[in-house]
Amino acid sequence: MNSTLKVVWLCMFVNKEFKDRFNTPDLKNWGVWITHLCNLFNDVHEVDLHVVAPNIYTNTNETITSGRITYHFYKHQHDVPNVTSKPSVNPLNLNMINVDVVNIIRRINPDIIHLHGNEKSTYSSPALLLNKEFPSVMTVQRFNFMATGESVEYKFVLKFEESVLREFKHFGVRTLEMEQIIKERNPKAKLYFHNYPVAWPTTIKTHQEEETFDVVFFARITRDKGIFDLIESATQIVKIRPDYSVRLIGPIRPNEKDIIFDRIRQAGLEKHIQYIGNIEDQQKLHEEAAKARICVLPTHADIVPGTIIESMLMKLPVISYAVGGMPQLNEPGLERITLIEKGDITGLTEATLHLLESNKKRHQLAEDAYNFATEYYSDKKVIADLLTMYENVLK
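Residues numbered from 1 in each chain as written. Predicted model: local features only at pLDDT ≥ 70, side-chain atom pairs only at ≥ 80, totals over all residues. Heavy atoms only, no water.

Chemist: When you look at the packing of helix α3 (residues 91-108) against helix α4 (residues 121-130) in this model, what are you seeing that I'm missing?
Modeler: Two measures define how a pair of helices packs: the angle their axes make with one another and the distance between the axes. Between α3 and α4, the least distance of the axes is 9 Å, while the angle of their chain directions is 60 degrees. Classed by the angle they form, the pair α3 and α4 counts as oblique. Crossing of α3 over α4 shows right-handed handedness. Residues Leu 94, Ile 97, Asn 98, Val 101, Val 102 and Ile 105 of α3 touch α4, and the partners they reach there are Ser 121, Thr 122, Ser 125, Pro 126, Leu 129 and Leu 130. Grouping the amino acids of the contact of α3 with α4 by side-chain chemistry returns 8 nonpolar, 4 polar and no charged. (Axes fitted to C-alpha atoms, helices over the stretch in contact; angles between N-to-C directions. Helix = DSSP H or I, 4+ residues; strand = E, 2+ residues; numbered from the N terminus. Parallel < 35°, antiparallel > 145°, perpendicular 65-115°, else oblique. Left-handed = near helix turned anticlockwise from the far one by under 90°. Contact = heavy atoms within 4.5 Å. Nonpolar A, V, L, I, M, F, W, Y, C, P; charged D, E, K, R; others polar.)

Chemist: Where do I start with the environment of Ile 308 in this structure?
Modeler: Mapped onto the fold, Ile 308 is located in helix α10 (residues 306-313). In this structure, the C-alpha to C-alpha distance between Ile 308 and Arg 223, residues 85 residues apart in sequence, is 17 Å. Aside from chain neighbours lying at most four places away, what touches Ile 308 is Leu 297, Val 318, Ser 320, Met 326, Leu 329 and Ile 337.

Chemist: Just to check I follow, could you spell out the sheet that holds strand β14 (residues 338-340) for this structure?
Modeler: The strands that make up a sheet pair up through hydrogen bonds in the backbone, lying either parallel or antiparallel. Strand order in the open sheet formed by 6 strands is β11-β10-β9-β12-β13-β14, with parallel pairing between adjacent strands. Strands at the two margins of the open sheet, each flanked by one partner only, are β11 (273-277) and β14. Shown here is a sheet whose adjacent strand axes are inclined to one another by a mean of 25 degrees, direction ignored. With 3 bridges joining them, strand β12 (residues 292-297) and strand β13 (residues 318-321) adopt parallel strand pairing. (Pairing = 2+ DSSP bridges.)

Chemist: It is not clear to me how the sheet that holds strand β3 (residues 62-66) should be interpreted in this structure. Could you clarify?
Modeler: If you trace the 8 strands from one edge of the open sheet to the other, you get β3-β4-β2-β1-β5-β6-β7-β8, paired in mixed fashion. Unpaired on one side and paired on the other, β3 and β8 (190-193) mark the two borders of the sheet. Along the sheet, successive strands turn relative to each other by an average axial angle of 25 degrees, direction set aside. Pairing of strand β6 (residues 136-139) with strand β7 (residues 170-173), which is carried by 2 bridges, proceeds in the parallel orientation.

Chemist: Explain the packing of helix α7 (residues 227-240) against helix α8 (residues 254-266) here, please?
Modeler: Two elements in contact, α7 and α8, have axes separated by 10 Å at closest approach and are oriented at 10 degrees. The angle between α7 and α8 falls in the class roughly parallel. Residue-level inspection shows Ile 227, Phe 228 and Ile 231 of α7 in contact with α8, the latter providing Ile 259, Ile 260, Arg 263 and Ile 264.

Chemist: What should I look at first to understand the state of the cysteines in this one?
Modeler: Throughout this description, disulfide means a covalent bond between two cysteine sulfur atoms. With the rule as written, the count across this model stands at 0 disulfides. Unpaired in this structure, Cys 11 has its nearest cysteine sulfur neighbour in Cys 38, at a distance of 6.1 Å. (Disulfide = S-S within 2.5 Å.)

Chemist: Explain empty space enclosed by the protein to me, please; I cannot follow it from the model alone.
Modeler: The gaps left among the atoms become clear once a water-sized probe is rolled over them. Following the criterion strictly, the structure yields 1 cavity of 30 Å³ or more and no others. Here the largest cavity defines a volume of roughly 30 Å³. Surrounding the largest cavity, Leu 230, Ser 233, Ala 234, Ile 237, Tyr 244, Val 296, Leu 348 and Thr 352 form its lining. Looking at the lining of the largest cavity, the elements that each hand over two or more residues are α7 and α11 (345-357). (1 Å grid on protein atoms, 1.4 Å probe; cavity = no way out; pocket = protein on both sides within 12 Å on 5 of 7 lines; lining within 4 Å. Points joined across faces, edges and corners; volume = space filled by probe spheres on them.)

Chemist: What am I meant to see in the pairing of β3 here?
Modeler: In the case of a regular strand, side chains alternate between the two sheet surfaces. Alignment of β3 against strand β4 (residues 69-74), held across 5 bridges, turns out to be antiparallel. In the sheet register, Thr 63 faces β4, and the bridge partner there is His 72. What sits between β3 and β4 in their antiparallel hairpin is a turn of 2 residues, with Gly 67 showing a positive phi close to 65 degrees.

Chemist: So what exactly am I meant to see when it comes to unusual backbone geometry here?
Modeler: As a rule of thumb, non-glycine residues mostly have phi less than zero, and peptide bonds are mostly trans rather than cis. Of note in the backbone geometry, Asn 23 takes a positive phi value of approximately 55 degrees without being a glycine. Note that Asn 23 resides in the loop between α1 (16-22) and α2 (32-41). The phi angle at Asn 109 is positive, at roughly 55 degrees, despite the residue not being glycine. Within the element layout of this structure, Asn 109 appears in the loop between α3 and β5 (112-116).

Chemist: Is there a simple way to explain α4 in this structure?
Modeler: Given 3.6 residues per turn, any residue in an α-helix points the same way as the ones three and four places further on. The buried count for α4 comes to 8 of 10 residues, which makes it a mostly enclosed element. Within α4, burial applies to Ser 121, Thr 122, Tyr 123, Ser 124, Ser 125, Pro 126, Ala 127 and Leu 130. (Buried < 20%, exposed > 50% of the residue type's maximum accessible area, 1.4 Å probe, protein only.)

Chemist: Honestly, the nonpolar core in this entry has me stumped. Any pointers?
Modeler: Among soluble globular proteins, nonpolar side chains are generally buried collectively. If you look at the biggest cluster of nonpolar residues, it comprises 59 residues, and the most contacted ones within it are Val 216, Phe 218, Ile 227 and Leu 248. Membership of the second largest hydrophobic core comes to 34 residues, among which are Phe 22, Val 44, Val 47 and Tyr 390. (Core = buried A, V, L, I, M, F, W, Y, C linked by side-chain atoms within 4.5 Å.)

Chemist: Can you help me understand the pattern of salt bridges in this one?
Modeler: Oppositely charged side chains can pair when the atoms bearing their charge come close. Throughout the structure, instances matching the rule amount to 19 salt bridges. In this structure, Arg 185 engages Glu 184 in a salt bridge whose closest nitrogen and oxygen atoms are separated by 3.8 Å. For Glu 184, a relative accessible area of 64% gives the class exposed. The salt bridge involving Lys 225 is made with Asp 302; its shortest N-O contact spans 2.7 Å. A residue pair is termed long-range when its members are at least 10 positions apart, and Lys 225 in the loop between β9 (213-218) and α7 and Asp 302 in the loop between β12 and α10 qualify at 77 residues. Owing to a relative accessible area of 10%, Lys 225 belongs among the buried residues under this scheme. It is possible to trace a salt-bridge network through shared partners that takes in Lys 205, Glu 211, Asp 214, Arg 241, Arg 293 and Arg 362. (Salt bridge = Lys/Arg side-chain N within 4 Å of Asp/Glu carboxyl O.)

This is the structure we're talking about:
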């Protein structure tokens, strides 16, 4: 790029820096990939970056400069009388957000707007109003329709997702499946491949350290991520491997917690499956996960989960279902992670037993996955691909 490019990111995140600034330590971190991306772009002098995001911390309008980045936080929950719907689906609240955000972005007058996902309408809805006014690109973080839900908010998000996929012209994608889904809805869409930065583990297994349990499952502990598949598989594995041990790490939705633990008790697996809790500190999380022999994440619908990428970077062998972008991690004749057809509990069981019983296979998978991931997900490549995407959108 010959001159500085003024870029707006529309996104949502919660991180330690701003929890400390706003004195809101009890908030849960969210959108860690946005935080990682901000850290990378703080050193990219070709870009004048403005991050526009809902103020999850104090629900006030604040403009803060940190490093080379300007953050424009805005009020996302307005006082709307006589309405009981959630702010994210409340038309009056969204209209007030849209007015505020459109004014913020017009004052910035960017060369390009980059919408990072559309999981919450409280940050993504202004993008449709500005899509034709400023060059815009939307990176798909996930497809909401792949999840499950019946709430009013979920149905609203699905409707909005369809509008974005049909009306935007430029999209950032990470897998061939993403490309196909967008093209089905928007045949004229322009697509650009780029990854998000990952939380690079400081812990890398040498396979000589003590491995204190068999399997780690570290992710949101939900049906969609495959927790019930893991439990069902465990009922078969313990018949062959009586000392089989699993550790669960991650957040559990309150409405699912009793269901999951009841299923474990009903299967007689209390001594085999242990819930560690949710570990927000990434280094501590990776240190705990690395004590496992393998990672098993039989997710039902995903792009490429951070769990799998981080495991590859830790040299922790992975078993998952062949959904989303996972098949692209392997090549003909070169297996980097073990993939099973979705819902094949017998196949999941056999693959788990095979890896647990074969040190050689575990080590080979770990090395091949690590060598691939360190190049494919490198920070340098993330930055280069994004800058190339911006250049192409502006052509």
